[in-house]
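Each chain, written out:
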Amino acid sequence: MKAHDGMYIDGAWRPAAGPDVIEVVNPADERVIGTVPAGTAEDVDAAVRAARAALPGWSATPPAERAARLAALRDALAAREEEIAETVTAELGAPPAFARTVHAGLPIAVAGSYADLAATYAFEEKVGNSTVYHEPVGVVGAITPWNYPLHQIVAKAAPALAAGCTVVLKPAEDTPLTARLFAGAVDEAGLPAGVFNLVTGLGPVAGQALAEHPDVDLVSFTGSTAVGKRIGAIAGGAVKRVALELGGKSANVILPSADLARAVNVGVANVMSNSGQTCSAWTRMLVHRDQYEEAVALAATAAAKYGERIGPVVNAKQRARVRGYIEKGVAEGARLVSGGPESPCERGYFVSPTVLADVTPGMAVAQEEIFGPVLTVLRYDDEEDALRIANGTVYGLAGAVWAGDEAEAVAFARRMDTGQVDINGGRFNPLAPFGGYKQSGVGRELGAHGLTEYLQTKSLQF
Ligand code: NAD
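Residues numbered from 1 in each chain as written. Predicted model: local features only at pLDDT ≥ 70, side-chain atom pairs only at ≥ 80, totals over all residues. Heavy atoms only, no water.

Asker: Is there a simple way to think about the overall build of the chain in this case?
Answerer: Each helix and strand in the chain was counted, giving 15 helices and 21 strands. In terms of C-alpha radius of gyration, the chain reaches 22 Å, essentially the compact-globule figure of 23 Å for 462 residues. Each principal axis of the C-alpha atoms in the chain carries an extent, and together these give about 65 × 60 × 40 Å. Within the chain, the proportion of its 462 residues that are buried is 56%. Within the chain, contacts between residues separated by at least 24 positions form 74% of all contacts whose residues are at least 6 apart in sequence. Of the accessible surface of the chain, which amounts to about 17,700 Å², a share of 53% is contributed by carbon and sulfur atoms. Once the 39 positive and 52 negative side-chain charges of the chain are each reduced to a mean point, those two points are 2 Å apart. (Helix = DSSP H or I, 4+ residues; strand = E, 2+ residues; numbered from the N terminus. Rg over C-alpha atoms; globule rule 2.2 N^0.38 Å. Buried < 20%, exposed > 50% of the residue type's maximum accessible area, 1.4 Å probe, protein only. Contact = heavy atoms within 4.5 Å. Areas by Shrake-Rupley, 256 points an atom, 1.4 Å probe, with all protein chains shown as cover. Lys, Arg positive; Asp, Glu negative; His and termini not counted. Charge placed at Lys NZ, Arg CZ, Asp CG, Glu CD.)

Asker: Looking at this structure, I do not really get the domain arrangement of the chain. What am I missing?
Answerer: A common way to report how large an interface is uses the accessible area buried once the components associate. Examined at the domain level, the chain breaks down into domain 1 (2-246 + 440-461) and domain 2 (251-430). Taking only C-alpha atoms, the centre of domain 1 and the centre of domain 2 are 31 Å apart. Facing 24 residues of domain 1, the contacting portion of domain 2 comprises 27 residues. In total, domain 1 and domain 2 occlude about 2,000 Å² of area from one another, counting both sides; carbon and sulfur atoms represent 54% of this. (Domains from an automatic or database assignment. Buried area = accessible area lost by both parts, 1.4 Å probe.)

Asker: Honestly, the nonpolar core in this entry has me stumped. Any pointers?
Answerer: The nonpolar side chains of a soluble globular protein tend to be buried with one another. The biggest cluster of nonpolar side chains holds 63 residues, and the ones touching the most others in it are Leu70, Leu77, Phe182 and Phe196. A domain-level breakdown of this core finds at least three residues from each of domain 1 (2-246 + 440-461) and domain 2 (251-430). With 30 residues, the next largest nonpolar core counts Ala251, Leu356, Leu378 and Ile389 among its residues. (Core = buried A, V, L, I, M, F, W, Y, C linked by side-chain atoms within 4.5 Å.)

Asker: Help me out: how do you make sense of the packing of helix H1 (residues 41-59) against helix H7 (residues 203-212) in this one?
Answerer: Helix packing geometry: the angle between the two helix axes and the distance between the axes. Taken N-terminus to C-terminus, the directions of H1 and H7 make an angle of 40°; their axes are 8 Å apart at the nearest point. With respect to each other, H1 and H7 are oriented oblique. You can see that H1 and H7 cross each other, and the crossing is right-handed. Along the contact surface, H1 presents Ala41, Val44 and Val48, while H7 presents Ala206, Ala209 and Leu210. Looking at the contact of H1 with H7 residue by residue, the class counts come to 6 nonpolar, no polar and no charged. (Axes fitted to C-alpha atoms, helices over the stretch in contact; angles between N-to-C directions. Parallel < 35°, antiparallel > 145°, perpendicular 65-115°, else oblique. Left-handed = near helix turned anticlockwise from the far one by under 90°. Nonpolar A, V, L, I, M, F, W, Y, C, P; charged D, E, K, R; others polar.)

Here's what the structure looks like:
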């Protein structure tokens, strides 16, 4: 158990304004592994002031120099790769191999992508008799969740810094230790004081103070739809920019011509990865009625194999929520074919990999984000029915389509109301825009599209 002191504000670790702390718990064994300060509105204000003071200098720094600092940040993160992976395992419960490749490896690559983009992006363009400048929006308030602790931070901080914005980060209360490692890397990378600031704290206290702060120009939030709606309302009321990455209930559509076994196995792996705590997870598998029972049997077998391989969910509240949904699904008439609500271990917030069959589109488990290792399998009559079901939720973050012929899958994907679709198991692309249609959010992260979120335009006419 280690008591971590201080917040990273204005280029130094400073004592928090108040005495309160947040306990960080290892979800695999329920032990308290450390504490961090619970920041207040006073800490947030100090951080925003530092970010505001640093803005003129950083926004005027040539893009090539910003790129060099971001490359140094990527290198500082890479030097901490092992420590990052171990920390994510300790505070989130991610299995070590997954922590290394995804939780540490992916954000290092994303940081590198923004070092490249800062160096190459056209921050100035000609439109007829005008010169259009793409200028930084200003001070960014970033509020991040715990599910991919470092990735969610880097996906906001790296493009904001590349754009010339300065940043105040309020990370999730469950995973603040990874955020502290990120601040350490920023410090080592030699970014000027105040360009990046970290305030740990509770959402309704520090998070809310950041979203409401009048000197924040853009709020970028990733997390639940409920909190996202509040942040959107606050930002709208103050006429400030807002980016929201919210929930999902993505459809994995398996068309009759697809390789069924492959589509089902990859689909199950997609849901069980990170213990189901992925906003873009394909949590609804849609199968033609003629292939339905075969798919359910394949899914049950595949899910059973994950029994000992997946980590716990993040905390007791999340475990209760996931179990509650499994029970609700069964009460609504779903058929449990793998897993179930009972705890597979005495200690730790584990949930068995669960597959619910005979799920119909109106059930809560087919409409609401569960955020745990729970797959629902729905049957469809024909392609039009599949499309109706796929598009029949308030969400639209991601999805997948499988077909024997790629063109057939693409034609279906083009009709889906969703921000990303993987064709026949297409690989994750860290440069492709990521973000939601409908209530999955506003704005895009990653790549050049992620950079433009943090830019505003000024045109000079000649
Ligand atoms: P949350 O929305 O409560 O937390 C996300 C972030 O927002 C955290 O940093 C939190 O401290 C902060 N926050 C909370 N209340 C706030 C407020 N009033 N003002 C400002 N900031 C605030 O999410 P959670 O409780 O950690 O998870 C609940 C559910 O959200 C999950 O079960 C899942 O469905 C969803 N979720 C989605 C994502 C995603 O990537 N889209 C990530 C995590 C959780």
